[in-house]
Amino acid sequence: MSDTRSDGELLRAVAADADRRAFEELYRRYAPWLRARLRGRCADVGVVDDVVQETFLAVWRGKARYREEGDVAGWLWRIGSRRLVDALRGDGARGRLRQALARLRHRDEVSAEERVLAGVEHGDLAGALVRLSPELRAVLQATVIDGLTTREAAVLLGIPPGTVKTRAMRARKQLREALA
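Caption draft 1: Summary view of the packing of helix 8 (residues 150-157) against helix 9 (residues 161-179). For the pair helix 8 and helix 9, interaxial distance at closest approach is 8 Å and the crossing angle is 105°. Here helix 8 is positioned roughly perpendicular relative to helix 9, judged by the angle of their axes. Of helix 9, the residues touching helix 8 (which contributes Thr150, Ala153 and Ala154) are Pro161, Val164 and Lys165. Of the residues in the contact of helix 8 with helix 9, the class split is four nonpolar, one polar and one charged.

This is the structure:
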């Protein structure tokens, strides 16, 4: 019976054999407790639920190893509390960015993106881009428009990374000169 196994036996079964029943029993024993503890630190139920899932996922995947020191609850708490801090740090930055973007969205002025797109379609930038060689335009497309890294653009275009960098530098220089 899985109900009679100790916490240590359950963890060893999960680690050694990927025993799903042992994992489910461990989850049933500790997920409600961990969720309640984390709720004392974070009022966002969604974040807490995600952290509990991430905590147990780390146990299942073997990323968190119990060394049989101390109790299992304390070990799970350390994993969960660290994951909560990480989640709150990430959410804090994302939250501030969302708020800033929301404030900007409600302004009546044209966004920078809209100005650039209008320039590409109707302004001097469109003409300057057309005058670039196809090789330089391809590098700009890959690195600026598609957001690829130099290495990714090199693979996509079938050229060395150094050539991508050189072409990007030449394209920017030619655009600056054309738009000055």
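Back to the write-up after that little detour.
Caption draft 2: Examining the packing of helix 7 (residues 134-145) against helix 9 more closely. Packing of helix 7 against helix 9 brings their axes to within 9 Å, and their N-to-C directions diverge by 100°. On the basis of their axis angle, the class for helix 7 and helix 9 is roughly perpendicular. Residues Glu135, Leu136, Val139, Leu140 and Thr143 of helix 7 form the contact with helix 9, whose own contacting residues are Val164, Arg167, Ala168, Arg170, Ala171, Gln174 and Leu175. A breakdown of the residues in the contact of helix 7 with helix 9 according to their chemical character gives seven nonpolar, two polar and three charged.

Caption draft 3: Representation of a negative patch on the surface in the model. There is a patch of like negative charges on the surface, built from Asp44, Asp50, Glu54 and Asp86. Note that Glu54 resides in helix 3 (residues 45-61).

Caption draft 4: Local environment of helix 9. For helix 9, spanning 19 residues, the distance from its first C-alpha to its last is 27 Å, which sits close to the expected 27 Å at 1.5 Å a residue. Next to the buried residues of helix 9 lie helix 6 (124-131), helix 7 and helix 8.

Caption draft 5: Inspection of the pattern of salt bridges at higher detail. Taken as a whole and assessed by the stated rule, the structure comprises six salt bridges. Of the charged contacts, one joins Glu25 and Arg28 as a salt bridge, the two residues approaching to 3.1 Å between their closest N and O atoms. Of the two residues, Glu25 and Arg28 are both situated in helix 2 (residues 20-39); the distance of three residues between them amounts to about one turn of the helix. For Glu25, a relative accessible area of 7% translates into the label buried. Linked through salt bridges whose partners overlap, the residues forming this network are Glu25, Arg28 and Arg29.

Caption draft 6: Molecular detail of helix 3. Here helix 3 is 17 residues long and its end C-alpha atoms lie 24 Å apart, about the 24 Å a rise of 1.5 Å per residue gives. Turning to helix 3, its buried residues are Val47, Val48, Val51, Val52, Thr55, Phe56, Ala58 and Val59. Viewed end-on, helix 3 has its buried residues packed into an arc of 160°, placing them on one side of the element. Looking one or two residues past helix 3, Gly62 carries a phi angle of roughly 80°, positive in sign.

Caption draft 7: Quick look at the environment of Arg12. The residue Arg12 is located in helix 1 (residues 7-17) in this model. With relative accessibility at 40%, the residue Arg12 sits in the partly exposed group.

Basis of the calculations
Residues numbered from 1 in each chain as written. Predicted model: local features only at pLDDT ≥ 70, side-chain atom pairs only at ≥ 80, totals over all residues. Heavy atoms only, no water. Axes fitted to C-alpha atoms, helices over the stretch in contact; angles between N-to-C directions. Helix = DSSP H or I, 4+ residues; strand = E, 2+ residues; numbered from the N terminus. Parallel < 35°, antiparallel > 145°, perpendicular 65-115°, else oblique. Contact = heavy atoms within 4.5 Å. Nonpolar A, V, L, I, M, F, W, Y, C, P; charged D, E, K, R; others polar. Patch = residues over 30% accessible without salt bridge, like charges linked within 9 Å, V, L, I, M, F, W, Y side chains within 5 Å. Areas by Shrake-Rupley, 256 points an atom, 1.4 Å probe, with all protein chains shown as cover. Salt bridge = Lys/Arg side-chain N within 4 Å of Asp/Glu carboxyl O. Lys, Arg positive; Asp, Glu negative; His and termini not counted. Charge placed at Lys NZ, Arg CZ, Asp CG, Glu CD. Expected span 1.5 Å × (residues − 1). Buried < 20%, exposed > 50% of the residue type's maximum accessible area, 1.4 Å probe, protein only. Arc of directions from axis to C-beta.

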